[in-house]
Amino acid sequence: MSTKITLPAEAGPATARIQAALDRAADGPLHLVLGPGDHLSGGLRLLSNTTLELDPEAVLRFIPDYDAYRETTVAIEAEQSDRAMIVATGARNITLCGRGRIVCDGAERFSRDDDPEMGTRVPQRLRPRVLVLDRCTSVTLSDLRVQDSPMWTLHFVECAGLMVERLHVDNDRRMPNTDGIVIDSCRDVTIRDCEIRT
């Protein structure tokens, strides 16, 4: 039996409130629901046996500042960046679901000007990924909508038992290297019924 918590949206940064709720997974299986409204957050870390659900009217809006992710570093660097908005390492039984939105303001806040020759934005040197799961097992992502990632969107490293379905990723097509799903050395992976625009 999992503990279910519904976290209502409140004005201002919600990082500490959300992380405190997520940390309750240390005591047993957790089902955390982000309620309707905007939840402004910095980096979040997931533990084993965690379900993070976004209400259809919920927006998990990440702070557009690289320093907001200094506590959620990852071992695998990508383009000199070692930070992500949501991370887990060596965890098992993780689910991210719901029909809510994850919004990142990537093109607006993690790039500068346009490159007229390439027809793209000029990205900042340091940009966080949206999600990095490293050596995790039994992972499910379903139904979420992710918008405007500043860099790689979903990055899975040496994971096993991975299901990604009915996911919608919509990034600014002028923003370089905002790959929708990156699979590194994983096994038993199923990706189906997803829509990726990057």
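Since we're looking at a predicted model, the values are computed, not measured.

Peer 1: Would you mind showing me how to read the environment of serine 149 here?
Peer 2: Note that serine 149 resides in the loop between strand S15 (145-147) and strand S16 (154-157). Taking the C-alpha atoms as reference points, serine 149 and proline 176, 27 residues apart in sequence, are found 10 Å from one another. Among the polar contacts made by the side chain of serine 149, one reaches the main-chain carbonyl oxygen of methionine 151 at a distance of 2.6 Å.

Peer 1: Any chance you could explain the sheet that holds strand S14 (residues 137-142) here in plain terms?
Peer 2: As a general point, the strands of a sheet are linked pairwise by backbone hydrogen bonds and lie either parallel or antiparallel. Read across the open sheet, the 7 strands follow the order S1-S2-S5-S9-S14-S17-S20; overall the sheet is parallel. This sheet does not close on itself; its edge strands, each paired only once, are strand S1 (3-7) and strand S20 (187-192). Averaged over all neighbouring strand pairs, the angle between strand axes comes to 10°, with direction disregarded. Sheet analysis places S14 next to strand S17 (residues 160-165), joined by 5 bridges and oriented parallel. In the strand pairing of S17, serine 142 is matched with glutamate 165. On the sheet, helix H1 (residues 15-22) packs against S1, strand S2 (30-34) and strand S5 (50-54) and is oriented at approximately 155° with respect to S2.

Peer 1: Even after reading the chapter, I still don't get the sheet that holds strand S6 (residues 58-62), so can you show me in this structure?
Peer 2: One open sheet accounts for 6 strands, arranged S3-S6-S10-S15-S18-S21; its pairing is parallel. In this open sheet, the two strands that pair with only one neighbour each are strand S3 (37-41) and strand S21 (195-197). The average angle at which neighbouring strand axes cross in this sheet is 15°, direction not considered. Looking at chain direction, S3 and S6 are connected through 5 bridges and run parallel. Among the inter-strand pairings, histidine 39 is bridged to a residue of S6, identified as leucine 60.

Peer 1: Got a minute to help me understand a nonpolar patch on the surface in this structure?
Peer 2: Together, Ile183, Val189 and Ile191 make up an exposed nonpolar region whose accessible area comes to about 200 Å². Secondary-structure assignment places isoleucine 191 in strand S20. Owing to a relative accessible area of 41%, isoleucine 191 belongs among the partly exposed residues under this scheme.

Peer 1: Please explain the side chain of glutamine 19 as it appears in this structure.
Peer 2: Within the secondary structure, glutamine 19 sits in helix H1. The exposure class assigned to glutamine 19 is buried, which follows from its relative accessible area of 17%. In contact with glutamine 19, other than residues within four places in its own chain, are Gly43, Leu44 and Arg45.

Peer 1: I'm lost on the pairing of S14 in this one. Help?
Peer 2: Side-chain direction in a regular strand flips from residue to residue, so the side chains alternate between the two faces of the sheet. For strand S9 (residues 92-98) and S14, the ladder comprises 4 bridges, and the chain directions are parallel. When the sheet's bridge partners are listed, threonine 95 is paired in S14 with threonine 140.

Peer 1: Before we go on, may I ask you to explain the nonpolar core in this structure?
Peer 2: General note: in soluble globular proteins, nonpolar side chains tend to be found buried as a group. Membership of the largest hydrophobic core comes to 42 residues, with the highest contact counts inside it found for Ile18, Leu32, Leu34, Leu60, Ile102, Leu141 and Phe156. If we ignore the near neighbours within four places in the chain, the residues touching leucine 141 are Leu96, Leu131, Leu154, Phe156, Met163, Val164, Glu165 and Leu167.

Peer 1: Sorry if this is basic, but what is going on with empty space enclosed by the protein here?
Peer 2: Gaps between atoms show up when a probe of the same size as a water molecule is rolled over them. Here the structure, examined in full by the defined rule, presents 1 cavity of 30 Å³ or more. Of the voids in this model, the largest cavity is the one considered here, and its volume is about 50 Å³. Looking at the largest cavity, the residues that line it are Ile86, Leu96, Ile102, Val130, Leu131, Leu141, Leu144, Val146, Leu154 and Leu167. In the lining of the largest cavity, the residues fall into 10 nonpolar, no polar and no charged.

Peer 1: I would appreciate a short explanation of H1 in the present structure.
Peer 2: The periodicity of an α-helix, 3.6 residues per turn, causes residues three or four places apart in sequence to face the same way. Within H1, the full set of buried residues consists of Ile18, Gln19, Ala21 and Leu22. The buried side chains of H1 occupy one side of the element, clustering within an arc of 160° when seen end-on. Where H1 is buried, its residues touch S1, S2, S3, strand S4 (44-45), S5 and S6.

Peer 1: Explanation requested: the pairing of S16 in the structure shown.
Peer 2: On S16, burial covers both faces: Leu154 and Phe156 on one face and His155 and Val157 on the other are all buried. Pairing geometry for strand S13 (residues 129-134) and S16, over 4 bridges, is parallel. In the sheet register, leucine 131 faces S16, and the bridge partner there is leucine 154. Of the strand pairs in this sheet, S16 and strand S19 (residues 181-184) are connected by 4 bridges, and their pairing is parallel. Looking at S19, one finds that valine 157 is bridged to aspartate 184.

Here is what the cut-offs are and how they apply
- Numbers given for residues are sequential positions, taken from 1 along each chain in its written order.
- Per-residue local features of the predicted model are confined to residues with pLDDT of at least 70, and side-chain atom pairs are confined, for both listing and counting, to 80 or more; whole-chain, interface and lining totals are unaffected and use all residues.
- Remark: hydrogens and water are excluded; side-chain values derive from all non-hydrogen atoms of the structure.
- The helix and strand labels rest on DSSP assignments: H or I over at least four residues marks a helix, E over at least two residues marks a strand, and numbering proceeds from the N terminus.
- Counted as a polar contact is a pair of N or O atoms within 3.5 Å, where, for protein atoms, one must be capable of donating a hydrogen and the other of accepting one, and residues adjacent in sequence contribute only when both atoms are in side chains.
- Strands qualify as paired when DSSP identifies two bridges or more between them.
- All axes are obtained by fitting lines to C-alpha atoms, using only the stretch in contact for helices, and the reported angles, taken between N-to-C directions, cover 0 to 180 degrees.
- Two residues qualify as a contact provided that any one of their heavy atoms is within 4.5 Å of a heavy atom in the partner residue.
- Like-charged residues are merged into a patch within 9 Å and nonpolar side chains (Val, Leu, Ile, Met, Phe, Trp, Tyr) within 5 Å, provided each residue has over 30% relative accessible area and no salt bridge.
- Per-residue and other accessible areas were derived by the Shrake-Rupley procedure at a 1.4 Å probe size, with only the shown protein chains allowed to occlude residues.
- Salt bridge, as applied in this entry: a Lys or Arg side-chain nitrogen positioned within 4 Å of an Asp or Glu carboxyl oxygen.
- Type-normalised accessible area, obtained with a 1.4 Å probe on protein chains alone, sets the label of each residue: buried when under 20%, exposed when over 50%, and partly exposed for intermediate values.
- Here the nonpolar core consists of buried residues drawn from Ala, Val, Leu, Ile, Met, Phe, Trp, Tyr and Cys, with membership extended through side-chain atoms lying within 4.5 Å.
- Grid spacing is 1 Å over the protein atoms alone, the probe is 1.4 Å, and a cavity is where that probe fits but cannot get out, while a pocket is an open set with protein on both sides within 12 Å along at least five of seven lines and lining residues have an atom within 4 Å of a point.
- Grid points are joined across faces, edges and corners, and a volume is the space filled by probe spheres set on the points.
- Residues were grouped as follows: Ala, Val, Leu, Ile, Met, Phe, Trp, Tyr, Cys and Pro as nonpolar; Asp, Glu, Lys and Arg as charged; and all remaining residues, including Gly, as polar.
- The arc refers to the directions leading from the helix axis to the C-beta atoms.

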